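The primary structure of each chain is shown beneath.
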Amino acid sequence: MSFWEHLDEFRKVLFRSAVLVVIFMALIFSAKELVFDKIIFAPIDSDFPLYRLVDSILSRLGMEPLEPFSLELINIDLSAQFFIHISTSFYFALVLATPFILYQLWLFVKPALYQNEKKSVVKAFSFGGVLFFIGVLAGYYLIFPLTLRFLGTYQVSADVANQISLQSYISMFIWLILIIGIVFEMPSLSAILSRLGILSKSFLKKYRRHAVVVLLVVAALITPSGDPFTLMAVGIPLYALYELSILVCRDFDK
């Protein structure tokens, strides 16, 4: 196939993916109460699963439960709620369509691979899809609530009350959850690079100490709250992913 024929095939991949995203987007847009009230705004209430879990652990240890937590969001832009509804529907649709998009990308690159490469890459694509959703769930149930609870209750002075804008909340929600989902792709990417002869197990082991520093910097960038607890809540899973990357990689001479 010529360059333009390859480009035409890639255009078809993008078109099919875009159609599914639009369909999902329409469905999500129509389920406004479920998406916003039951999912997006759930972490602003003390009844969120993570908060109940922490309260249960503290109770077993004979300690006082967490203080009641609740945030009141405000909107100061006339058109913000409508456009946030649209953009949020798009991001949710993109997340739901990820397995299909990965499958379409696999069909696009499949003809260019040898038979032994196809088996390795298809496993990596499947593994990557699973890891992405695990990362999204980790971001939603762990990272975002921890960050929200810290930033939402932090005050430089008791005289300064926190009034959280809807735009600020949604931006933090989308950013953290998507970035955690992407970061969880580390083992899948490592497996693909290893099969292509670019990355080896010995290389990752050799630079493990350097990786710890880099991962902590990445964790600090992901979690703008900056408190040690939230930093470790992100840093420890990142390091676990690095170790998992070592396991799925192989040395070039094997």
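Bear in mind the structure is a predicted one, so any value in this text is a computation, not a measurement.

Brief notes about the overall build of the chain
Then comes step 1: Across its full length, the chain carries 11 helices and 2 strands.
Then comes step 2: Secondary structure elements of the chain, listed N to C terminal, follow the sequence α-α-α-β-α-α-α-β-α-α-α-α-α.
Then comes step 3: Along the three orthogonal principal directions, the C-alpha set of the chain runs to about 65 × 45 × 30 Å.
Then comes step 4: Counting across all 254 residues of the chain, residues that qualify as buried make up 37%.
Then comes step 5: In the chain, the proportion of contacts linking residues at least 24 apart, taken out of those at least 6 apart, comes to 81%.
Then comes step 6: In the chain, which carries 20 positive and 19 negative side-chain charges, the distance between the mean positions of the two groups comes to 16 Å.

Section: the nonpolar core
Then comes step 1: With 52 residues, the main nonpolar core has Ile-40, Phe-41, Leu-148, Tyr-169, Ile-170 and Phe-173 as its most contacted residues.
Then comes step 2: Listing elements by their share of this core, those giving two or more residues are α1 (3-30), α2 (32-40), α3 (49-60), α4 (80-96), α6 (115-153), α7 (166-183), α10 (208-222) and α11 (228-248).
Then comes step 3: Residue contributions to this core peak at 10 residues, all from α7.
Then comes step 4: Counting 5 residues, the second-largest nonpolar core is a separate cluster that includes Leu-102, Trp-106, Leu-113 and Phe-125.

Notes on the packing of α2 against α4
Then comes step 1: The interhelical angle for the contact between α2 and α4, taken along N-to-C directions, is 80°, at an axis separation of 11 Å. Considered as vectors, α2 and α4 are oriented roughly perpendicular to each other. Seen from α2, the contacting residues are Lys-32, Val-35, Phe-36, Ile-39 and Ile-40; seen from α4, they are Ile-84, His-85, Thr-88 and Phe-92.
Then comes step 2: Classifying every residue of the contact of α2 with α4 gives 6 nonpolar, 2 polar and 1 charged.

Some words on the packing of α4 against α7
Then comes step 1: Viewed as axis vectors pointing N to C, α4 and α7 meet at an angle of 10°, and their least axial separation amounts to 11 Å. Relative to α7, the element α4 is oriented roughly parallel. For the pair formed by α4 and α7, the contact residues are Gln-81, Ile-84, Thr-88, Tyr-91, Phe-92 and Val-95 on the first element and Leu-166, Gln-167, Ile-170, Phe-173, Ile-174 and Leu-178 on the second.
Then comes step 2: Partitioned by chemical class, the residues of the contact of α4 with α7 number 9 nonpolar, 3 polar and no charged.

Topic: the side chain of Ser-188
Then comes step 1: Relative to the helices and strands, Ser-188 is located in helix α8 (residues 186-195).
Then comes step 2: Leave out the neighbours within four places in its chain, and Ser-188 touches Ala-124, Phe-127, Gly-128 and Leu-131.

Considering the packing of aromatic side chains
Then comes step 1: Taken as a whole and assessed by the stated rule, the structure comprises 15 aromatic pairs.
Then comes step 2: Arranged with centres 4.8 Å apart and planes meeting at 85°, the rings of Tyr-140 and Tyr-141 form a pair that is edge-to-face.
Then comes step 3: Tyr-141 sits in the partly exposed class, given a relative accessible area of 41%.
Then comes step 4: Through successive ring pairs, a cluster of aromatic residues spans Phe-36, Phe-41, Phe-48, Tyr-51, Phe-92, Tyr-140, Tyr-141, Phe-144, Tyr-169 and Phe-173.

Examining the pattern of salt bridges
Then comes step 1: Overall, the coordinates contain 5 salt bridges when judged by the stated rule.
Then comes step 2: Taking the shortest distance from any N to any O, the salt bridge between Lys-12 and Asp-8 comes out at 3.9 Å. Here Lys-12 pairs with Asp-8, and both are found in helix α1, just 4 residues apart, close to one helical turn.
Then comes step 3: When salt bridges with common partners are traced through the structure, they connect Asp-8, Glu-9, Arg-11 and Lys-12 into a single cluster.

Analysis parameters
- Residues numbered from 1 in each chain as written.
- Predicted model: local features only at pLDDT ≥ 70, side-chain atom pairs only at ≥ 80, totals over all residues.
- Heavy atoms only, no water.
- Helix = DSSP H or I, 4+ residues; strand = E, 2+ residues; numbered from the N terminus.
- Buried < 20%, exposed > 50% of the residue type's maximum accessible area, 1.4 Å probe, protein only.
- Contact = heavy atoms within 4.5 Å.
- Lys, Arg positive; Asp, Glu negative; His and termini not counted.
- Charge placed at Lys NZ, Arg CZ, Asp CG, Glu CD.
- Core = buried A, V, L, I, M, F, W, Y, C linked by side-chain atoms within 4.5 Å.
- Axes fitted to C-alpha atoms, helices over the stretch in contact; angles between N-to-C directions.
- Parallel < 35°, antiparallel > 145°, perpendicular 65-115°, else oblique.
- Nonpolar A, V, L, I, M, F, W, Y, C, P; charged D, E, K, R; others polar.
- Phe/Tyr/Trp six-rings, centres within 6.5 Å; stacked < 30°, edge-to-face > 60°.
- Salt bridge = Lys/Arg side-chain N within 4 Å of Asp/Glu carboxyl O.

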